[in-house]
Every structure is written in C-alpha cells, then in structure tokens.
Amino acid sequence: MDLKVISLLSVILIVALSTLAEGRTPPTRCQCKMALTERRNCGYPGISAAECRKAGCCFNTALPGVPWCFAPKAKKVRKVCPNDPHARINCGFPGITAKECEKKGCCFRARPAGVPWCFYHRVVEAAC
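What counts, and where the lines are drawn
- Residues numbered from 1 in each chain as written.
- Predicted model: local features only at pLDDT ≥ 70, side-chain atom pairs only at ≥ 80, totals over all residues.
- Heavy atoms only, no water.
- Helix = DSSP H or I, 4+ residues; strand = E, 2+ residues; numbered from the N terminus.
- Buried < 20%, exposed > 50% of the residue type's maximum accessible area, 1.4 Å probe, protein only.
- Contact = heavy atoms within 4.5 Å.
- Areas by Shrake-Rupley, 256 points an atom, 1.4 Å probe, with all protein chains shown as cover.
- Disulfide = S-S within 2.5 Å.
- Patch = residues over 30% accessible without salt bridge, like charges linked within 9 Å, V, L, I, M, F, W, Y side chains within 5 Å.
- Salt bridge = Lys/Arg side-chain N within 4 Å of Asp/Glu carboxyl O.
- Lys, Arg positive; Asp, Glu negative; His and termini not counted.
- Charge placed at Lys NZ, Arg CZ, Asp CG, Glu CD.

Participant: Mind showing me how you'd approach the overall build of the chain here?
Facilitator: Scanning the chain for helices and strands turns up 4 helices and 6 strands. For the chain, with 128 residues in total, the buried portion stands at 18%. A separation of at least 24 residues holds for 61% of the contacts in the chain among residues at least 6 apart in sequence. Taken as a whole, the chain presents about 9,600 Å² of accessible surface, with 61% of it coming from carbon and sulfur.

Participant: Explain unusual backbone geometry here, please?
Facilitator: Phi is mostly negative for residues that are not glycine, and the peptide bonds are mostly trans. Cis geometry is found at the peptide bond from R111 to P112, where omega equals -15 degrees. The topology assignment puts P112 in the loop between β4 (107-108) and β5 (118-119).

Participant: Can you help me understand the state of the cysteines in this one?
Facilitator: Simply put, disulfide is the name for a covalent bond between the sulfur atoms of two cysteines. This structure, assessed with the given rule, holds 6 disulfides. Here C32 engages in a disulfide with C58; their sulfurs sit 2.0 Å apart. Where C32 bonds to C58 through sulfur, the torsion about that S-S bond is close to -85 degrees, and the disulfide is left-handed. Taken together, the residues C32 in helix α2 (residues 29-32) and C58 in strand β1 (residues 58-59) connect sequence positions 26 residues apart. The disulfide that involves C42 links it to C57, with 1.7 Å between the sulfurs. Of this pair, C42 sits in the loop between α2 and α3 (49-54) while C57 sits in the loop between α3 and β1, and the two are 15 residues apart along the sequence. Taking relative accessible area as the criterion, C57 reaches 1% and is therefore assigned buried.

Participant: Before we go on, may I ask you to explain a positive patch on the surface in this structure?
Facilitator: Taken together, R29, K33, K73 and K76 make up a surface patch of like positive charges. K76 gets classed as exposed once you look at its relative accessible area, which sits at 58%.

In structure tokens form, the structure reads like this:
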C-alpha cells in the first residue's frame, strides 16, 4: 500500500478509537436496581455523578456506607419476533418452510404477501 493510504487509515483508526474511549453508554434503571450488598465500586472517593455515568456506571448517593458509584448489572435481553411486517429482515429464501426457518433460529409468519416470511428476531431489553 501507498504511504499516504497507510497514514490516512492510521488517522481514521486513531480518531475512531478515541471516540470509543470518551465514555460508555449510561446504564438503564434496571441495570442499577440491585441489593446494596451487590454494589461493586466503580469510581473513586469524590467522583461526581457525571463522571460516574460517563464511565458507564450507576450513581446513587441515597445511603451512606455503600458505594455511590457502582458497576451496573448486565442487561437482560430477550428475543422477539417483530409484529410490523415491514420491519422484518430476511432470514431465509423463497419457498422456505416453517420448520426449516425455525431450525435456523428465525421467526416464521406466512403472511402478508410481499414481505419475508422467514425473518430474524429482534433483541429487546427485558423488563426489570
């Protein structure tokens, strides 16, 4: 490869990685809902709520003697078959049977016409 191309790709990679390092997605309420004994420290003494959340952690100062900035629980997710026929993403091929589709781990609904009948699940966050 040309030196200019390598240099350009290096700059793009550095910018992309620095963007990822700026902060994580804030946790949901469900991820922060836990027993006090389950809290695992995620910050340092005096950390602000903004700094804690920017690090992807939960923040709650309601009770003394327990970590205020703490690691969230893993997200609970579940697979659902989309109800909107136009939101379907094809998982099969024309003429696939329900059994073949389900064997691939996909959803199957033989209606309506003009949309995929064998389609991928959507992953949604489960309720708390």
